[in-house]
Amino acid sequence: LGTHGPRGIRQTLFGADILKLVRASEIPSLVVQEGTDTTRLLERIVLPVAAHSDIDRLLDVVCALAKVFASEVHVYQLMRPMESPSDELLANKLRMLQCMERENIRHLEVNEPSTTFSIGFAEPTINYAERIGSGAIAIMSHASDEYRYIADAEKERILANHARIPVICI
């Protein structure tokens, strides 16, 4: 799927069309912004840790792509001072790491300390992905119960990221 990034007041008021589209899709989607350099597409995939109860769907797709493209997967967690991750988030992180091991996929566990104030997770995730030259970020397109109040805006930021990194959506 292609996207031009955030545009206009309608999108500001009603949300990104691309997010609505990937949510409505029954099949995994790869969102690529106009002008994206695809030479390193899927070479490295950033997989942010999330508390979704159905994370296995995303893991299945990331593992399948990582095998085909010999990708390195970065299981990414933003570590905020004085904030304890939920049990659901920690359990999913363990599932992600175990899945990578079981499937023989090159991977890194990344526990990045937060260096700036941010309410959400999008900017630090995008910045990390840009720093490592990531070829994609993988996300669940729907909100987990844990962060429902900010999740839509964060997902829109990732989909229309300034670094033009493609996004795998489930």
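One can find the structure itself at the top, above this paragraph.
Residues numbered from 1 in each chain as written. Predicted model: local features only at pLDDT ≥ 70, side-chain atom pairs only at ≥ 80, totals over all residues. Heavy atoms only, no water.

A.B. asks: Explain the overall build of the protein here, please?
C.D. replies: What the protein contains, in helices and strands, is six helices and seven strands. The N-to-C order of helical and strand elements in the protein reads β-α-α-β-β-α-β-α-β-α-β-α-β. For the protein, the residues scored as buried account for 48% of the 170 residues in total. Sequence-distant contacts, at least 24 apart, represent 82% of the contacts inside the protein between residues at least 6 apart. Split by element, the accessible area of the protein, about 9100 Å² in all, is 55% carbon and sulfur. (Helix = DSSP H or I, 4+ residues; strand = E, 2+ residues; numbered from the N terminus. Buried < 20%, exposed > 50% of the residue type's maximum accessible area, 1.4 Å probe, protein only. Contact = heavy atoms within 4.5 Å. Areas by Shrake-Rupley, 256 points an atom, 1.4 Å probe, with all protein chains shown as cover.)

A.B. asks: Even after reading the chapter, I still don't get the packing of helix α3 (residues 55–69) against helix α4 (residues 87–102), so can you show me in this structure?
C.D. replies: Helix packing geometry: the angle between the two helix axes and the distance between the axes. One can describe the packing of α3 onto α4 by two numbers: an axis separation of 11 Å at closest approach and a directional angle of 25°. With respect to α4, the axis of α3 lies roughly parallel. Read as a crossing pair, α3 and α4 show a hand that is right-handed. Packed against α3, whose contacting residues are Ile55, Asp56, Leu59, Val62 and Cys63, the element α4 presents Asn92, Arg95, Met96, Cys99 and Met100 at the interface. Tallied by class, the residues present in the contact of α3 with α4 amount to seven nonpolar, one polar and two charged. (Axes fitted to C-alpha atoms, helices over the stretch in contact; angles between N-to-C directions. Parallel < 35°, antiparallel > 145°, perpendicular 65-115°, else oblique. Left-handed = near helix turned anticlockwise from the far one by under 90°. Nonpolar A, V, L, I, M, F, W, Y, C, P; charged D, E, K, R; others polar.)

A.B. asks: What is the right way to read the pattern of salt bridges from this model?
C.D. replies: If the charged atoms of two oppositely charged side chains come close together, the side chains can form a pair. Considering all chains together, one arrives at nine salt bridges under this definition. Residue Lys67 is joined to Glu103 by a salt bridge in which the shortest nitrogen-to-oxygen separation is 2.3 Å. Highlighted residues: Lys67 in helix α3 and Glu103 in the loop between α4 and β5 (107–113), separated in sequence by 36 residues. Its relative accessible area of 48% is what places Lys67 among the partly exposed residues. You can call Glu103 partly exposed: its relative accessible area is 27%. Where Arg80 meets Glu83, a salt bridge forms, and the shortest distance between an N and an O atom there is 3.8 Å. Classification of Arg80 by relative accessible area gives buried; the value is 18%. A single salt-bridge network, built from bridges that share partners, covers Glu43, Arg44, Glu72 and Arg106. (Salt bridge = Lys/Arg side-chain N within 4 Å of Asp/Glu carboxyl O.)

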